[in-house]
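Now for the letters of each chain:
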Amino acid sequence: MSIDLLIALITGAALFGVGIYGALSQTNLVMIMMGVELILAGAMVNLVAFWRYLHPDNPAGQMFVLIIMTVMAIEMAVGFGVAIARFRAKGSVEMEEAVELKG
Amino acid sequence: MTAQMFFIAFFGLAAVWFGIAVFRTYSMVRSALALLFSQTALGAMFLSMQAEFLGVLQIMMMATEMSIMAIFMVMFMMDPGGLSTMDMIHQKRLSLLAGIVSFLAAVGVAVFVDWGPVEMIAPDPAQQTIALGLELLGRSMLIFETAGITILTSMIAAISVAIQPVKQNTVPTITGSNHHEH
Amino acid sequence: MNLIAIAILAPFSMMVLILTLRRIPAVLALFGAAVGLIASSGLLSSAFSGTNSELLLPGLPDMPLHLVATPLTALLSTMVAVISSMVLVYAVGYMQQDKEKTRFFATMLLFISAMQTLVLAGDWVLLLSAWELIGLSSYLLIGFWYQRAGVKSAATRAFLYTRSADLGLYIAAFILIDNAGSSDIATTLGTGGNAAVVAGLLLLVAAMGKSAQTPLHDWLQGAMAGPTPVSALLHSATLVAAGAILLIRTAPMLPPETLLVIGIVGGITTVITGLIALGERDLKRMLAASTSSQYGLMLLAIGAGIPLAALLHLIAHAAIKSSLFLGAGVFQHSRESTALVDLQGAGRDRPRIFFGFALAAFALAGIPPLSGFFSKDAIIAATLASPDAMLLATFALTGTLLTGAYMARALHILWRGEKQTREIAGLQWMGAGLAVLVILAAILGFTFTTIETLLNNHLDESTLAQILGLSAALSGLALGWFIPAKRLLGPLRPWAQQSFAITGGFDVWLVKPAFAIARSCEQVERGLYATVLAIGRLGLRLGLAARFSDERGIDGLIFSLVNNTIELGNRARTLQSGLIHREMAITVVGTAFILVSALLALLVY
């Protein structure tokens, strides 16, 4: 077990944890999105570590990371579009006020 | 303890620190900037792990994205400067618990699993890029084709969601009714 | 067309016409009776010339319906036709103010056609059917004024009495048909031996019922509740004659033992009903008892072995009794009652009617040269010549005496009293019918020799009989005129007024049990009806229960299922808080759960 790998994995784990904390605890839509960014970042770190220390010859690892990056970008774009629409409709993007779907 | 290991550890720590800082500050802009730094540290980490292409890409993209995010922050926040000290957090204990539990679970997995033999030699950056390109045009062609269409769709969707409703015309139509476009 | 068919069908078709048109019933009735009379006269004249008309119709297998006009039957047919026509003429006047003329004339025509069928019948099946029909018409006519009190029970009584006696006729007919192998009457008259004895006795039972002989005489007095034309036609000349006609026609077959029984029955009847007539307080009932008495005399003659005498008396009596009844009807209209108390002096109101009545009364008593004298004379002569002369002759003479007595009593009451003037509607019609019959009553005696020639039979003249008869008649008349009935009857009076009922009479033995059976049958009927209704109601309840169970049970089940599902959904809906962070928390927990399960599964597999 390489120490490098371990360090990278622990970093990924920490980012993941922080990201979950942020996504669940924030009231603002944009902050939630930041939390999601951090989760994805943690996943990316893990992937790169696995590629580098376990299968460096196989470019599929890097491919996966590329895809995640693309997805991150798209997710942000759509998310901000929703935030704009919400802001126009209600004047704020606070998720605590977004209870129209209450059952 | 090699230099590589040290750099990985350093940049990793920086990423985590800035990540925590995102949620500890009251100012929105500072949150955005903290996130920016966190992502950049991550890019540096990639570079130190000899994934040059990815590292560069990460730094470039994240810089742009975080700047946009900062702009949106300013647009939408009622208190972008963070001058009020209101704690905008809900279900704090639950989220803390969730975060810690997931962290510990991931660490446990990382520590207790036998990952097998570790290769310490990574290929050349040029060779990496060539291999990546071949991979892209070979096996992963389908993925990126579909990804491309999906991206296009999402872009259109995002634009249509964000578009402003059309203002009412003063020119009367034949039916005499005004209709809203959305 | 065959005269026999016309004689029967003329009145019948007119009846149908009356019932369908419901107009001018009197005219149609008279027309039908007149045509029937012409046809019967035609039959008689052809019988005189020696030809017997016959009519053969298909009936039951081996038993065709046979109508035959022998001299005897043609004679009887003419008698029926004449009396019917005159009574119908009278009835036009009598029923002028009645509201139900249609029903009356239709039923009378029914009776007339049935009676013609009876007298012209040549086989037992037809005779039985006609016998039943005249019984039915009698019931309908006696009960004509059914709204009045007592009428319905009188009609039912008459029907029950005669019906019970008809059993004898049925059994006798079966015995004869069985014995002879054919239902033709002429053929069956050849039966002999035990069958003849038994059949004869049973025929006597039937005759006793129809001709109101003791002990079955009571119904005839109750039958006077019907209109007077009905009494005149049915209950003096034709229906009650059916019994005697039956015995006269079957006389060649009857053995001496049966003849003796017939004679005794006739004799007892004559005396007893004569006494009843003497004690009666109602004119029509008295005449009814008199009818029974006269038919008793006819049965005496048959019992003595000379049915020709009975036949002659039957014909004479028909004319006499009808005129007596028609006269009584005029008095009834005049005083609005038939009780002798009310009729005192009714003769003085209408002297001419009274004259006719008195003439007929004398004829009945047997005063020469009226017809009754010749016929009574024949009967007494027959009884004197019979083997049991002592018994039968005594009966006959007593009967003659009593006849004179009660007729004189009636005349006395009718004459001695105050005159009352009252207008009677339809008097001309009534007078016309009465006049013809009175004339017939007076002169029929002179036609008897012609009848004897026709029937190829001759009576022996007996001077002794003439003397005895005349003396009995005159003494009877004197007794009746001068001595009131109370003293004549003495201790017998109350018994006579109850018409000699013994141990409650037929009321207790026959009528009440019959009604009790009828009532219990009605109860059974009601029970069955109630059961059927209950079953129907049960079925209905079952249907309702099925619907109920379907609606509440099955539908309820299904709908409750639906409603519960909706309720569940409603309650589950409230779980939605709408808050994003909650949703995300749930997402995280759920994902963790899935991951852990997947890993564990991996470990296992």
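Scroll up a little and you will see the structure.
Rules used in this analysis
Residues numbered from 1 in each chain as written. Chains lettered and ligands numbered in written order. Predicted model: local features only at pLDDT ≥ 70, side-chain atom pairs only at ≥ 80, totals over all residues. Helix = DSSP H or I, 4+ residues; strand = E, 2+ residues; numbered from the N terminus. Buried ≥ 20, exposed ≤ 12 C-beta atoms within 10 Å, placed from the backbone. Contact = placed C-beta atoms within 7 Å. Nonpolar A, V, L, I, M, F, W, Y, C, P; charged D, E, K, R; others polar. Pairing = 2+ DSSP bridges. Axes fitted to C-alpha atoms, helices over the stretch in contact; angles between N-to-C directions. Core = buried A, V, L, I, M, F, W, Y, C linked by C-beta atoms within 7 Å.

Student: In this structure, what is going on with the overall build of chain A? I would like to understand it.
Tutor: Counting secondary structure elements, chain A contains three helices and zero strands. Ordered by position in the sequence, the α and β elements of chain A form the string α-α-α. Taking all 103 residues of chain A together, the buried fraction comes to 51%. Relative to all contacts within chain A whose residues are 6 or more apart in sequence, the contacts with residues 24 or more apart total 54%.

Student: Explain the interface of chain B and chain A here, please?
Tutor: Size of an interface, as often reported, equals the accessible area lost when the parts are brought together. Tallying the contact residues gives 66 residues for chain B and 62 residues for chain A. At the level of elements, α1 (3–24), α2 (28–48), α3 (52–76), α4 (92–112), α5 (125–137) and α6 (141–162) of chain B are the ones that each hand at least two residues to the side of chain B that touches chain A. For the side of chain B that touches chain A, the element with the highest residue contribution is α4(B), accounting for 12 residues. For the side of chain B that touches chain A, a count of residues per class yields 48 nonpolar, 14 polar and four charged.

Student: Where do I start with the pairing of strand β1 (residues 53–60) of chain C in this structure?
Tutor: Regular strands have side chains that alternate between both faces of the sheet. Residues and elements named next belong to chain C. Two strands pair when backbone bridges link them, and β1 and strand β2 (residues 63–69) are joined in this way by six bridges, in the antiparallel orientation. Each residue of the ladder has a partner; that of leucine 57, found in β2, is leucine 65. As consecutive antiparallel partners, β1 and β2 are separated by two residues, and within that stretch aspartate 62 has a phi angle of approximately 70 degrees, a positive value.

Student: Any chance you could explain the packing of helix α3 (residues 71–94) of chain C against helix α19 (residues 448–455) of chain C here in plain terms?
Tutor: The geometry of a pair of packed helices is captured by two quantities: the angle between their axes and the separation between those axes. Residues and elements named next belong to chain C. Packing of α3 against α19 leaves a shortest axis separation of 9 Å and a crossing angle of 145 degrees. Across the interface between the two elements, Pro71, Leu72 and Leu75 from α3 touch Ile451, Leu454 and Leu455 from α19. Residues that form the contact of α3 with α19 fall into these classes: six nonpolar, no polar and no charged.

Student: Mind showing me how you'd approach the nonpolar core here?
Tutor: Considering soluble globular proteins, one finds that nonpolar side chains tend to be buried as a cluster. Ranked by size, the top nonpolar core spans 197 residues in total, and within it Ala244(C), Ala301(C) and Ala441(C) carry the most contacts. In this view, Ala441(C) contacts Ala319(C), Ile320(C), Ser323(C), Leu359(C), Ala360(C), Ala363(C), Leu370(C) and Ser371(C); residues no more than four positions away in its chain are not counted. Of all hydrophobic cores here, the second largest spans 70 residues; its members include Ala23(A), Leu38(A), Leu35(B) and Met66(B).

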